[in-house]
Every structure is written in C-alpha cells, then in structure tokens.
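# Coordinate analysis (summary)
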Amino acid sequence: MVVSSSAIPDPPSLAALVELTAKLVRAKDSVEVATILRRSVKWMLPVDQVALVIATTDGYRLMPANTPIIPRSAIADVLVRRSAQVLNAPECGALIGEPQLSTLMMFPLIDEGNDGVLVLGGRDPAALAELDRSTCHLLAQNVVSALRIVRLLERERDVREAAEAATKHRDQMIQAVTHDLRNPLGVVMALFDMVKIDNPHAIPVEDSDAISISLKRMKGLIDELLDIAKSQSGGLQLRRTRVDIRPVVSEAVVAAKSLVRGHVLDVTLAPEAMVGNFDEARMSRVLGNLVSNAIKYSPHGGHIRIATTRIANWAEIRVTDSGIGIPAADLPRVFERFHRAANVGRIDGNGLGLASSREVVIAHGGSLDVESIEGSGSTFIVRLPL
C-alpha cells in the first residue's frame, strides 16, 4: 500500500519535529543519526521501533546496529516508486531483525544516489494507520538532510586525516634527511677549519671566505628544515639565555654584508637595553634571514633600514626594504613552507626562511608580521617579549 502525505503536521508534532531536527543535524555519523531516531521518534509517534536501512557498496546496512541485511524487494520497491509503503505481514519484522513487529511503514531516503529507507515498525497495524503522514514525510526529509551533512563531515575528516598523515610523513622524511646531512657537513666544516689552521695560505682568502659562507648557509638551511619539522610535531626546544637582542641585530647585519651590491644599510639601535630570555643562535638566524631577504629582493643600490625599538616590555625589530614587494594575493601565504611570491622571478630561494623564522619567533612568545605593497618594498616586524 502506498502512503500519501497530508499538508501540514499538527502543532505538537511540528514542535517535536523541530526539536528532533536540531539533534539530527549535530550527528557525527549515520549510526548516531539512527540512534537519535530510535531514542526520540517513539516519543513523537505511536511506533514500536525505528531503523534506518542505508545503501552501501555491499548491499543494504541496518542502522544503528550497523549490520548487513539481505536486500528485499520491498526496499527496492520503495526506492523505485519514491513513495512510502506499508507492509502488513507476519514475516515483515524479520526485514529489520525485529520478528515481533507485524507492520512496517517505509519512507524513501533519496539523495544524489545515496539511497536508503526510514523504517517505522509497530506491533499494532491500527496504531500505525493513525500516524500523521505529513510528520512522517517531513521526518524523512530531515533525515536525508542529516545524512547529507554526515557525508560531508566524513569526507572532510577523510581529507583532513589524509593531509595530516602526509604532513607527518613529510616531516619525518625531512628530519631523517636533515639528520643524515648534518653528519657529513660537520665533517667537511671540521676539515675546512683544520686546513685553515694548519696551512692558512693553502686557500686564497676570497675562496676561503666563499667556502665559509657557503658552509654556513648550508648549515643554516639544514637547521631551518629541522626546526620546521620539529615545530610541527611540538618538538622545537629553545636554548634560552639572557640576551640583549641589539648586538644580535648588529651581528646579523655584519654577516649579511657579504650580499650587499651597492645597497645602503641603515641600522638604528635603541639606546636602552633590550634583554630577554632568547635562543641566541636561532634569533641570530631569524634576523639574518630577514636582513638577507631585504638585500636579496631589493635592486642594486637599494635602501635597507633595520631599526630596534623598546615598547614597554617588548622589543620591536623592523626590517624595511625598497624592493619588489609582495603581491596582495601572496601576503596571506608568505609564511607558509615552500611558498614563494609570484613576482620573485629567478631570484634564488626555497620558501623555508620565513616559515622557519616565524616558528622560532612564535616559540619565543612573540610575533612576526609583514607589511608590503608590490613594487614598493616590504617591512617585516619582529616583536619579542622582554
């Protein structure tokens, strides 16, 4: 028998339906949808059992038991006709594993090929005959909406879990590779130092300086990779000591001067001490990154300004350049790993320095921000607690 719907549910049924819908849309999976229905619908309608039969790749699955059942022609008939059906037969309860039921009322749940059936069961056929049909149809529509939300949540969870697994694997690979690189690099640096001590004239000064700079850059890159991988897994450990940040800024500027090609470096240090508990080596690398970037992305003869200011119990360090600037579309992603702005062209870079720098500054309880207009230069602002 096909069940038709009447126009509008009576007010008590409508109020109960609204309350039930609010519960359904918060469900996390289809089992929870079925459980909510089983607990709530029996208080709303004169039925003895409620179940969902959900179509899956291996047939139909009964919820909330989440057990497979054999597809029956009655289920197929409901879905083909796209209309509710009533079964009155002694064996119909076995369809949902409830032999004591003598009547089933089934409503189709059809949504973009994700089909199913809402089953209302009763021992008394007369009681089910008195059901408010419009309430049942609205209930079925709300179940479809709840299942659609559940599927979206499940897809989102799957995508997020896959991304997290990929990120974890990548970080493990980064840590493994960088650890493997550190040992031979340490040997090369030690041998280079021994050569300079034992035979200081064996290598021309210009070549010696170039080798030293290249080795330090390689070590810095490896350290950045390690810090990024560790920060993602919560393993970044700072070696804090009491440090005045002003000399660290000065040393970073001196170290970066080898990159200068006619640039003007203007350094202004605060007159008062700016002492905090910092990891000096890491902060030196952060400031070195910012100053070297300012030089690298500024044209020959560009003006670089580095200024330190104490604001209450905070140190503020600004590195301003007159370079190519950052396109507005790239600003939100400038601190992401491996991301480089669209206008960098052939300028060397790996997209790690800013990401690593921000991780280190945040680990100190500070912040690293940027203000930039494409074609008009950039200002990177470091704030550190003193």
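Residues numbered from 1 in each chain as written. Predicted model: local features only at pLDDT ≥ 70, side-chain atom pairs only at ≥ 80, totals over all residues. Heavy atoms only, no water.

## Let's talk about the overall build of the protein
A count of helices and strands for the protein gives nine helices and 14 strands. In terms of C-alpha radius of gyration, the protein reaches 34 Å, well past the compact-globule figure of 21 Å for 386 residues. Taking the principal axes of the C-alpha coordinates as reference, the protein spans close to 105 × 45 × 40 Å. When each of the 386 residues of the protein is scored for burial, the buried share is 43%. Long-range pairs, those at least 24 residues apart, make up 65% of the contacts in the protein with a sequence separation of at least 6. A total of about 20,200 Å² of accessible surface is found on the protein, and carbon and sulfur atoms cover 56% of it. If the 43 positive side-chain charges of the protein are averaged to one point and the 45 negative ones to another, these points end up 2 Å apart. (Helix = DSSP H or I, 4+ residues; strand = E, 2+ residues; numbered from the N terminus. Rg over C-alpha atoms; globule rule 2.2 N^0.38 Å. Buried < 20%, exposed > 50% of the residue type's maximum accessible area, 1.4 Å probe, protein only. Contact = heavy atoms within 4.5 Å. Areas by Shrake-Rupley, 256 points an atom, 1.4 Å probe, with all protein chains shown as cover. Lys, Arg positive; Asp, Glu negative; His and termini not counted. Charge placed at Lys NZ, Arg CZ, Asp CG, Glu CD.)

## Some remarks on helix H2 (residues 30-44)
Here H2 contains 15 residues, and its C-alpha end-to-end distance of 20 Å stays within 8% of the 21 Å for a straight helix at 1.5 Å per residue. In the structure, H2 departs most strongly from a straight axis at Arg38, where the bend amounts to approximately 30 degrees. For H2, the complete set of buried residues consists of Ser30, Val33, Ala34, Ile36, Leu37, Ser40, Val41 and Met44. Put simply, Asp29 is the residue that caps the front of H2, since its side-chain oxygen is 3.2 Å from the backbone nitrogen of Val31. (Expected span 1.5 Å × (residues − 1). Bend = angle between axes of the 7 residues up to and from the residue. Polar contact = N/O pair within 3.5 Å; in protein donor to acceptor, adjacent residues only side chain to side chain.)

## Let's talk about the nonpolar core
By size, the foremost hydrophobic cluster in this structure holds 36 residues, and its most contacted members are Ile245, Leu290, Phe380 and Leu384. Listing elements by their share of this core, those giving two or more residues are helix H7 (245-256), helix H8 (280-296), strand S11 (303-311), strand S12 (314-320), helix H9 (353-363), strand S13 (367-372) and strand S14 (378-385). A per-element tally of this core places H8 first, with seven residues. In contact with Phe380, not counting residues within four places along its chain, are Leu290, Ile317, Arg318, Val319, Ile326, Phe335, Leu354, Leu368, Asp369 and Val370. Leu20, Ala27, Val86 and Leu118 belong to the second-largest nonpolar core, a separate cluster that totals 33 residues. (Core = buried A, V, L, I, M, F, W, Y, C linked by side-chain atoms within 4.5 Å.)

## A short note on the confidence of the model for the protein
Averaged over every residue, the pLDDT of the protein is 82; the share at 70 or more is 91%. Note on residues 1-7: pLDDT is under 50 here. Beyond four places in sequence and across chains, it has 22 contacts. (pLDDT = per-residue confidence, 0-100.)

## A look at the sheet that holds S12
Across the sheet, five strands lie side by side as S9-S11-S12-S14-S13; this open sheet has mixed pairing. Each edge of the open sheet carries a strand with a single partner, namely strand S9 (264-268) and S13. Between one strand and the next, the sheet's axes are offset by a mean angle of 15 degrees, whatever the strand orientation. For S9 and S11, the ladder comprises five bridges, and the chain directions are parallel. What sits directly across from Asp266, in S11, is Arg305. In the packing of H8 onto the sheet, the strands contacted are S9, S11, S12, S13 and S14, and the crossing angle to S12 comes to about 25 degrees. (Pairing = 2+ DSSP bridges. Axes fitted to C-alpha atoms, helices over the stretch in contact; angles between N-to-C directions.)

## Section: the packing of aromatic side chains
This model, assessed by the stated rule, comprises one aromatic pair. Ring geometry for Phe335 versus Phe380: centroids 6.2 Å apart, planes at 90 degrees, classification edge-to-face. With Phe335 in the loop between S12 and H9 and Phe380 in strand S14, this residue pair connects regions lying 45 residues apart in the sequence. (Phe/Tyr/Trp six-rings, centres within 6.5 Å; stacked < 30°, edge-to-face > 60°.)

## Observations regarding the pattern of salt bridges
If you walk through the whole model with that rule in mind, you get nine salt bridges. Glu156 serves as the salt-bridge partner of Arg160, at 3.8 Å between the closest nitrogen and oxygen. On the criterion of helical spacing, the pair formed by Arg160 and Glu156 is a turn pair, its members being four residues apart in helix H5 (residues 133-198). The exposure class assigned to Arg160 is partly exposed, which follows from its relative accessible area of 38%. The residue Arg318 makes a salt bridge to Glu316 at a minimum N-O spacing of 2.9 Å. By relative accessible area, which is 11% here, Glu316 ends up buried. Taken together, the shared-partner salt bridges connect Glu316, Arg318, Arg358, Asp369 and Arg383 into one network. (Salt bridge = Lys/Arg side-chain N within 4 Å of Asp/Glu carboxyl O.)

## Thoughts on the packing of H7 against H8
Interaxial distance between H7 and H8 falls to 8 Å at its minimum, and their mutual angle equals 45 degrees. With respect to their mutual orientation, H7 and H8 come out oblique. The element H7 and its partner H8 pack so that their crossing is right-handed. In this structure, H7 uses Ile245, Val248, Val249, Glu251, Ala252, Val253 and Ala256 to contact H8, whose residues at the interface are Glu280, Met283, Ser284, Leu287, Gly288, Val291, Ser292 and Ile295. Split into classes, the residues belonging to the contact of H7 with H8 amount to ten nonpolar, three polar and two charged. (Parallel < 35°, antiparallel > 145°, perpendicular 65-115°, else oblique. Left-handed = near helix turned anticlockwise from the far one by under 90°. Nonpolar A, V, L, I, M, F, W, Y, C, P; charged D, E, K, R; others polar.)

## Observations concerning the packing of H8 against H9
For the pair H8 and H9, the least separation of the axes is 9 Å and the interaxial angle reads 140 degrees. Between H8 and H9, the interaxial angle falls into the category oblique. Crossing of H8 over H9 shows left-handed handedness. For the pair formed by H8 and H9, the contact residues are Arg282, Met283, Arg285, Val286, Asn289, Leu290 and Asn293 on the first element and Gly353, Leu354, Ser356, Ser357, Val360 and Val361 on the second. Of the residues that constitute the contact of H8 with H9, the class distribution is six nonpolar, five polar and two charged.

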